[in-house]
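One-letter residues, chain by chain:
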Amino acid sequence: MEKTTPLTMKDIAQEFGISVATVSRALKDSSRISEERRRAIQQYAREHNFYPNVIGEALRLSRVATSKVIGVIVPEFTHYYFSSILTGIEETAFAHGYYIIVALSNEQYEREARLCEMFHRLKVCGVIVSQAKDTRHYEHFQKLQDSGIPIVFYDRICTGVNASRVVVDDYMGAYNAVDYLIRTGCRRIAFYSAPMQLEISKNRFNGYKDALLKHGLPFDESMTRICDNRQDAELITPDMFDGDHYPDAFFAVNDDTAIGILYTVKRMGLRVPEDISICGFTNDQRAVACDPMLTTVEQRGKRVGEETVEILIDKVEGHSPIDKVEKRVVRTRLIIRGTTR
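Since the model is a prediction, treat every value here as computed from it, not as a measurement.

1. Let's talk about the overall build of the chain
Then, number 1: A count of helical and extended segments in the chain gives 12 helices and 12 strands.
Then, number 2: Taken over the C-alpha atoms alone, the chain extends approximately 85 × 45 × 30 Å along its principal axes.
Then, number 3: Scored against the burial criterion, the 341 residues of the chain give a buried share of 52%.
Then, number 4: Counting contacts in the chain only where the partners sit at least 6 residues apart, residues at least 24 apart contribute 71% of the total.
Then, number 5: Put simply, the chain shows about 16,800 Å² of open surface, and 49% of that area lies on carbon and sulfur atoms.
Then, number 6: Both charge centroids of the chain, one from 45 positive and one from 47 negative side chains, sit 4 Å from each other.

2. Structural notes on the pattern of salt bridges
Then, number 1: Under the defined criterion, the tally for this structure stands at 23 salt bridges.
Then, number 2: Of the charged contacts in the structure, one is a salt bridge between Glu 91 and Lys 302, with a shortest N-O distance of 3.1 Å. Note that Glu 91 is positioned in helix H5 (residues 80-95) and Lys 302 in helix H12 (residues 301-316), a separation of 211 residues in sequence.
Then, number 3: The class of Glu 91 is partly exposed, set by a relative accessible area of 41%.
Then, number 4: Put simply, Arg 303, Glu 306, Glu 307, Glu 310, Glu 326 and Arg 328 are held in one network by salt bridges that share partners.

3. Comments concerning the nonpolar core
Then, number 1: In this structure, Ile 189, Phe 250, Phe 251 and Ile 278 are the most contacted members of the largest nonpolar core, which totals 63 residues.
Then, number 2: Filtering out sequence-adjacent residues up to four positions away, Phe 250 remains in contact with Leu 181, Ala 190, Tyr 192, Thr 237, Met 240, Phe 241, Ile 261, Val 265, Ile 276, Ser 277, Ile 278 and Cys 279.
Then, number 3: Leu 115, Ile 149, Phe 153 and Val 167 belong to the second-largest nonpolar core, a separate cluster that totals 21 residues.

4. With respect to the sheet that holds strand S7 (residues 224-226)
Then, number 1: The 6 strands are arranged S7-S6-S8-S9-S10-S12 in an open sheet whose pairing can be described as mixed. Each having just a single partner strand, S7 and strand S12 (333-335) make up the two edges of the open sheet. Pairwise comparison of adjacent strand axes, ignoring direction, gives a mean angle of 20 degrees for this sheet.
Then, number 2: Bridge analysis of strand S6 (residues 189-193) against S7 gives 3 bridges, and the strand direction is parallel. Residue pairing across strands places Ser 193 opposite Ile 226, the latter belonging to S7.
Then, number 3: Each of S6, strand S8 (249-252), strand S9 (277-282) and strand S10 (295-298) is contacted by helix H11 (residues 255-267), which is oriented at about 160 degrees to S9, the strand it contacts most.

5. Comments concerning the sheet that holds strand S4 (residues 151-154)
Then, number 1: Pairing is parallel in the open sheet, where 6 strands are placed in the order S2-S1-S3-S4-S5-S11. Two strands lie at the open edges of the sheet, namely strand S2 (99-104) and strand S11 (327-330), each paired on one side alone. Strand-to-strand twist in this sheet, taken as the mean axis angle between neighbours without regard to direction, amounts to 15 degrees.
Then, number 2: For strand S1 (residues 69-74) and strand S3 (residues 126-129), the ladder comprises 4 bridges, and the chain directions are parallel. Note that in S3 the partner of Ile 70 across the bridge is Gly 126.

6. What about H12?
Then, number 1: Under the 1.5 Å per step criterion, the end-to-end length of H12 is 23 Å for 16 residues, consistent within 8% with the ideal 22 Å.
Then, number 2: The element H12 is extensively covered by neighbouring structure, given that 12 of its 16 residues are classed as buried.
Then, number 3: Residues of H12 that are buried: Gly 301, Val 304, Gly 305, Glu 306, Glu 307, Thr 308, Val 309, Ile 311, Leu 312, Ile 313, Lys 315 and Val 316.
Then, number 4: Among the structural elements, S1, H5, S3, S4, strand S5 (164-168) and S11 are those in contact with the buried residues of H12.
Then, number 5: Backbone geometry just after H12 places Gly 318 at a positive phi near 85 degrees.

7. Details of helix H6 (residues 109-122)
Then, number 1: Between the first and last C-alpha of H6 there are 20 Å, a value that for 14 residues agrees with the 20 Å anticipated at 1.5 Å per step.
Then, number 2: Taken as a whole, H6 has its buried residues at Glu 112, Ala 113, Leu 115, Cys 116, Phe 119 and Leu 122.

8. A closer look at empty space enclosed by the protein
Then, number 1: Evaluated as defined, the whole model comprises 1 cavity of 30 Å³ or more.
Then, number 2: Space inside the largest cavity adds up to approximately 210 Å³.
Then, number 3: Taken together, 20 residues form the lining of the largest cavity, with His 79, Arg 156, Ile 200, Val 253 and Asn 254 sitting closest to its centre.
Then, number 4: Where the lining of the largest cavity is concerned, the elements lending two or more residues are H5, helix H9 (199-214) and S9.
Then, number 5: For the lining of the largest cavity, the element with the most residues is H5, which contributes 3 residues.
Then, number 6: Of the residues contributing to the lining of the largest cavity, the split by class is 8 nonpolar, 4 polar and 8 charged.

9. Description of the packing of aromatic side chains
Then, number 1: Here the structure, examined in full by the defined rule, presents 15 aromatic pairs.
Then, number 2: Measuring from centroid to centroid gives 6.4 Å for Phe 82 and Tyr 154, while their planes differ by 70 degrees, and the two rings are edge-to-face. Residue Phe 82 is found in helix H5, and its partner Tyr 154 is found in strand S4; the two are separated by 72 residues along the sequence. The burial state of Phe 82 is the same as that of Tyr 154; both residues are buried.
Then, number 3: A centroid spacing of 5.5 Å and a plane angle of 75 degrees characterise the contact between Tyr 192 and Phe 250, whose relative ring orientation is edge-to-face. With a gap of 58 residues between them, Tyr 192 in strand S6 and Phe 250 in strand S8 connect regions that are remote in the sequence.
Then, number 4: A residue is classified by how much of its surface remains accessible, and Tyr 192, at 0% relative accessible area, is buried.

Each value, and the rule that gives it
- Residues numbered from 1 in each chain as written.
- Predicted model: local features only at pLDDT ≥ 70, side-chain atom pairs only at ≥ 80, totals over all residues.
- Heavy atoms only, no water.
- Helix = DSSP H or I, 4+ residues; strand = E, 2+ residues; numbered from the N terminus.
- Buried < 20%, exposed > 50% of the residue type's maximum accessible area, 1.4 Å probe, protein only.
- Contact = heavy atoms within 4.5 Å.
- Areas by Shrake-Rupley, 256 points an atom, 1.4 Å probe, with all protein chains shown as cover.
- Lys, Arg positive; Asp, Glu negative; His and termini not counted.
- Charge placed at Lys NZ, Arg CZ, Asp CG, Glu CD.
- Salt bridge = Lys/Arg side-chain N within 4 Å of Asp/Glu carboxyl O.
- Core = buried A, V, L, I, M, F, W, Y, C linked by side-chain atoms within 4.5 Å.
- Pairing = 2+ DSSP bridges.
- Axes fitted to C-alpha atoms, helices over the stretch in contact; angles between N-to-C directions.
- Expected span 1.5 Å × (residues − 1).
- 1 Å grid on protein atoms, 1.4 Å probe; cavity = no way out; pocket = protein on both sides within 12 Å on 5 of 7 lines; lining within 4 Å.
- Points joined across faces, edges and corners; volume = space filled by probe spheres on them.
- Nonpolar A, V, L, I, M, F, W, Y, C, P; charged D, E, K, R; others polar.
- Phe/Tyr/Trp six-rings, centres within 6.5 Å; stacked < 30°, edge-to-face > 60°.

None of the figures reported here should be taken as evidence of function without further support.
Structure below.
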C-alpha cells in the first residue's frame, strides 16, 4: 500500500539501512559521508518530496550554534505596505540562508505577547516586529531582549524598549505632502490619522502641523480625526462638511483611508481635484486603480524589510553587538497624480 504520510528521516534511514544521524549529515552535505552516499540520499529525498523540519532543527540547536530561523510579527495583512515589507524580509533572509516564521498579531496586544512567548520557546535567532495598535505594555519585547534574542522594529516602533528600528521618514513625508497641497491652493486641510499613541502618527501629525505653520495657516483641531481605514473614512467624511467651515483638501494616514475619502466626496457630488484635493500615504496598487488616480507618499516597504533583516543578521552573526541600537530611516517621495491640483 502506498505511503500517504509525509516521509521522515527515519524512513530514509530504513530505506538505506543507516542511522538517522547519517541521513541528517548527508542532507546537510557533510564531508563525513562519502560523496556517492550523499548524492544517493539527497536524490532519494528530492524524489520523495522530503524537506527537513526547519523549526524542529532550530529547537535542537545548542546555545552555541546559530539558529537560522527569524520570527516576524505582522499587525495585519490587509495593507499592501505590510505585504511589501514582508517581501523584503523574506527575500533578504533567504539570500543569507535564513528562514522566517510569519505570525499575525491582528492588532491585539494579548496575541502579540503570546507570539513573542512562542518565538522564545522556539529559540528563534531574532524577532522582527511592528507593534500592534493597542499595545501599551512592553514586557514581552523586553523579555526577548533580556534572553539574548535581538529585536528589530519596523514601521510602528516601540519607544519603551531600547531596540533597533527601521522606519520611513514619516515627518518629512507628511510635511512635503501638506506643503504641496498648500502650494497648489488648498487652505483648509483635514488630517485623518492612526491612533496617536503610535510613533508614526505623532511624526505625521507634526509634519502636518509644521507645514501649516510654514505657510502661516492656523492649526484647527476640528480638521483632524482618528481614522485609518476606508470604512471609517466613509462614515466620518460627510460630517466634515456640516456647517460653513469645511475642508478643501484631505491628507490621510494611508491609501485605504484616502480612497474611502475619494469615494465619499464623489458620491456627495464634489469634484476631485477641482473642489477637493486628496493625498494618501503608501503608494499601493489601489492608488492607480481608482479614478482619478491617487496622489500619495511612497513608503518603499520592500526596502524597509530588507534593512530590518540586514540589521538582525549582523547581530546574530556577531558583526554588530546585540545591545547596539541602530536607527535607520528610509526616505519617502511624493507621487503626484490626479487627486490633487
